[in-house]
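# Residue-level structural notes
Given next are the chains, with one letter for each unit.
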Amino acid sequence: LNLMNLKLPSKWRVLSDHMHADCRIFEVHKRKMLRESDQKEGEFYVIETNDWVNVLPVTSNQEIILVRQFRYGTEGYSLEPPGGVIEKGEDPILAGQRELREETGYSGKNPKIIGNVFANSAIMANRCHFLMLTDVEKSADVSFDPHEELETVKVPIGSLRDLVKSGEISHSIGVNAIFHLMMELEIG
């Protein structure tokens, strides 16, 4: 399937970029932009933040380690892969291993990036990387960030589809990470 032969919409060029708000973990930028095809101008807001990593830790028993935590945006609990912010200049693999250890106390072998996606390309410029580890085992105590409190949940890989279908796993990036894991493991 070759989608590149289609006529692409016009690109927009940045005319000016000003930080609108500094919100500690992200910045909101106000950009004045110009559409190349007809010279139409518009103002758009873009969230600038670090890349993220989601970890897909697989045990030798074909289970995956997930975390359940309270999410401030939805004001509810979310079951999702462990993960977090990649610090400036940090390798996504090392960041994922660090986040897994901090959030669950687990570590594993054979680290491999199995994909990445833009978090929300309509308003955000960052990517989320998906790291798979195998033979994960409990190796340390958890070390939560000041505002973290997580429950570690072990589920059979074969139950992931049902957990997504039922809405138990509903975090969009977590669902995307699970889709990449299923492709990697060739689970239909």
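Residues numbered from 1 in each chain as written. Predicted model: local features only at pLDDT ≥ 70, side-chain atom pairs only at ≥ 80, totals over all residues. Heavy atoms only, no water.

### Notes on helix α3 (residues 172-184)
- Counted at 1.5 Å a residue, the expected span for α3 with its 13 residues is 18 Å, and the 18 Å between its end C-alpha atoms agrees.
- Those residues of α3 that fall on the buried side of the exposure criterion are I173, G174, A177, I178, H180, L181 and M182.
- Count one or two residues on from α3 and you reach E186, which has phi positive near 55°. (Helix = DSSP H or I, 4+ residues; strand = E, 2+ residues; numbered from the N terminus. Expected span 1.5 Å × (residues − 1). Buried < 20%, exposed > 50% of the residue type's maximum accessible area, 1.4 Å probe, protein only.)

### Description of the environment of Q69
- By secondary structure assignment, the location of Q69 is in strand β5 (residues 63-71).
- When sequence neighbours within four positions are dropped, the list of residues in contact with Q69 reads G76, Y77, S78, E80, E149 and L150.
- A polar atom in the side chain of Q69 sits 3.2 Å from the side chain of E80. (Contact = heavy atoms within 4.5 Å. Polar contact = N/O pair within 3.5 Å; in protein donor to acceptor, adjacent residues only side chain to side chain.)

### Remarks on a nonpolar patch on the surface
- The grouping of F70, Y72 and Y77 at the surface amounts to a nonpolar patch, some 420 Å² of accessible area in total.
- Mapped onto the elements of the fold, Y77 is located in strand β6 (residues 76-80).
- For Y77, a relative accessible area of 66% gives the class exposed. (Patch = residues over 30% accessible without salt bridge, like charges linked within 9 Å, V, L, I, M, F, W, Y side chains within 5 Å. Areas by Shrake-Rupley, 256 points an atom, 1.4 Å probe, with all protein chains shown as cover. Salt bridge = Lys/Arg side-chain N within 4 Å of Asp/Glu carboxyl O.)

### Comments concerning the sheet that holds strand β4 (residues 52-57)
- Reading across from one edge, β7-β4-β9-β8 is the order of the 4 strands in this open sheet, with mixed pairing throughout. Edge positions in the sheet fall to β7 (83-85) and β8 (106-118), since each has one partner strand and no second. Averaged over all adjacent pairs, the angle separating strand axes in this sheet is 20°, with direction ignored.
- Sheet topology note: the β4/β7 ladder contains 3 bridges and is antiparallel. When the sheet's bridge partners are listed, W52 is paired in β7 with V85.
- In the packing of helix α1 (residues 92-104) onto the sheet, contacts are made with β4, β7, β8 and β9 (127-138), and the angle to β9 comes to roughly 55°.
- Across the sheet, α3 lies against β4, β8 and β9, angled at about 110° from β8, the strand it touches most. (Pairing = 2+ DSSP bridges. Axes fitted to C-alpha atoms, helices over the stretch in contact; angles between N-to-C directions.)

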